[in-house]
Amino acid sequence: MEIKITKTTSPAQMPPEDKLGFGKVFTDHMLLVDYDDKQGWHDARILPFGRISLHPASTVLHYGAEIFEGLKAYRRADGGVQLFRPMENIRRMNNSAERMSLPLMDEQDMLKLLTTFVKLEESWVPKTFGTSLYLRPFMFGNDESLGVHAVHNATFMLIASPSGSYYAEGINPVSIMIENEDVRTVRGGTGYAKCGGNYAASTRAGERAAKKGYSQVLWLDGVERKYIEEVGAMNVMFKIDGEIVTPKLTGSILPGITRKSCIEVLRSQGYTVNERLLSVDELLESLRNGKLEEAWGCGTAAVVSPIGKLAFGDEEYVVGGGKIGEVTQKLYDILTGIQWGKVEDPYGWVYKL
Ligand SMILES: *Cc1c(COP(=O)(O)O)cnc(C)c1O
């Protein structure tokens, strides 16, 4: 895939690294690729960052045909830049595309788009440990008609945002509310796809939880409202009476790359990790009898996020004394060490640019 590059004539300045926040500042360029049934993916181009124009009947605006990915470019301790398991994001993007009837893209082509773009924007990868250049590939259906069918025209884009450290103020355990009303998705639905619609549908519960002082919701399955699925937009893991448990991928759970990496790290360190159904009753029981030792969310943004409090209806429980647990801390240290190139990567996960 040829990529035509038009450089900006007015490059911007990166804000101070302690003032970056998340997703507010964008790099100088953006990448676009068009798709239509006749030509397939074509016209890959990098342009100065700016607004895009859409036909008012564009599929994405009416029927929500949109998927995305989220990964980071990390500044290694030696000054170089690397990605973390990018092929996992690429494969997941194609799985999401398949679910949403959007066109797939050749894996090596997508990798080339990512690496070419990151190399061009290399100066936007911040240097402080914990900061990163957040990469947001996304794709949307772009037929200029209101007919409902698999799309014949689509656009792939990539934008990037230098992001601050998630834990600039230290790793503080979060308070989580078990959501009993809304569900995120159902089996047979779009839960395993990273699509914008899943987020649109889960915002209401998140807002309600925030009003009550909780930072995220813990989702239950959409069929029986019985089994634990995810926490906010992260996967979730528990240590109950010595057993490490994470909900098994039933189709309504997003198969997180951090989840997969946590499982692989723990197993290689001799821990047993069980991917199984975990009912809310079992979880509540473990809270009541003090057997829940640790709970944490995991995802690219936070890496791991310890859960210090869990609420269900009027009941509220403190988890692990409200402090980060031993396994959670270990995962944080190992994963961030590999991602920021502070320790050897024994797994072959880093992709140096
Ligand atoms: C992206 C995402 C995750 C985490 O996936 P990672 O690949 O680890 O970043 C978990 N749950 C949902 C709903 C997500 O969208």
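The present account deals with the structure reproduced in this document. (Residues numbered from 1 in each chain as written. Predicted model: local features only at pLDDT ≥ 70, side-chain atom pairs only at ≥ 80, totals over all residues. Heavy atoms only, no water.)

### Notes on the site of the ligand
Phase 1: Around the ligand sit 14 residues, and of these Lys194, Tyr199, Glu230, Thr258 and Thr300 come closest.
Phase 2: Contact between the ligand and Glu230: a nitrogen atom at 2.5 Å from a side-chain N or O atom of the residue.
Phase 3: When isolated, the ligand has an accessible area of 380 Å², and the protein chains bury 96% of it.
Phase 4: Residues belonging to the shell around the ligand are distributed by class as follows: five nonpolar, five polar and four charged. (Near = heavy atom within 4 Å. Polar contact = N/O pair within 3.5 Å; in protein donor to acceptor, adjacent residues only side chain to side chain. Areas by Shrake-Rupley, 256 points an atom, 1.4 Å probe, with all protein chains shown as cover. Nonpolar A, V, L, I, M, F, W, Y, C, P; charged D, E, K, R; others polar.)

### Section: the pairing of strand β8 (residues 153-163)
Phase 1: For β8, a buried count of 10 out of 11 residues is recorded, marking the element as mostly surrounded by other parts of the structure.
Phase 2: With 10 bridges joining them, strand β7 (residues 132-141) and β8 adopt antiparallel strand pairing. Bridging from a neighbouring strand, Met139 pairs with Phe156 of β8. (Buried < 20%, exposed > 50% of the residue type's maximum accessible area, 1.4 Å probe, protein only. Helix = DSSP H or I, 4+ residues; strand = E, 2+ residues; numbered from the N terminus. Pairing = 2+ DSSP bridges.)

### What about helix α3 (residues 107-120)?
Phase 1: If you check α3, its first and last C-alpha atoms are 20 Å apart, about what 14 residues at 1.5 Å a residue would give, namely 20 Å.
Phase 2: Three or more residues of α3 are buried, namely Met110, Leu111, Leu113, Leu114, Thr115, Phe117 and Val118.
Phase 3: With a side-chain oxygen lying 3.0 Å from the backbone nitrogen of Gln108, the N-terminal cap of α3 falls on Asp106. (Expected span 1.5 Å × (residues − 1).)

### A few points about the pairing of strand β10 (residues 216-220)
Phase 1: With four of its five residues buried, β10 lies for the most part within the structure.
Phase 2: As paired elements, strand β9 (residues 174-178) and β10 share three bridges and run parallel to each other. Counterpart to Met177 in the pairing with β10 is Val217.
Phase 3: A crossover connection joins β9 to the parallel β10 through helix α4 (residues 196-211); in handedness this β-α-β unit is right-handed.
Phase 4: Pairing geometry for β10 and strand β11 (residues 228-231), over two bridges, is antiparallel. Counted as the bridge partner of Leu220 is Ile228 from β11. (Right-handed = clockwise from strand over helix to strand, strands pointing away.)

### Description of the side chain of Asp34
Phase 1: Inspection of the secondary structure puts Asp34 in strand β2 (residues 29-36).
Phase 2: A polar atom in the side chain of Asp34 sits 3.1 Å from the side chain of Arg45.
Phase 3: If we skip the residues at most four places from it in the chain, Asp34 touches Gly40, Trp41, His42, Asp43, Arg45, Ala154 and Thr155. (Contact = heavy atoms within 4.5 Å.)

### Looking at a nonpolar patch on the surface
Phase 1: On the surface, Ile52, Leu54 and Leu61 cluster together to form a nonpolar patch covering roughly 250 Å² of accessible area.
Phase 2: Note on placement: Leu54 falls in the loop between β3 (40-48) and α1 (59-63).
Phase 3: Residue classification places Leu54 among the partly exposed positions, given a relative accessible area of 32%. (Patch = residues over 30% accessible without salt bridge, like charges linked within 9 Å, V, L, I, M, F, W, Y side chains within 5 Å. Salt bridge = Lys/Arg side-chain N within 4 Å of Asp/Glu carboxyl O.)

### Looking at the environment of Asn274
Phase 1: Within the secondary structure, Asn274 sits in strand β14 (residues 273-276).
Phase 2: If near-sequence neighbours (up to four positions away) are discounted, Asn274 is found in contact with Glu243, Ile244, Val245 and Thr246.

Geometric values such as these leave the question of function open.
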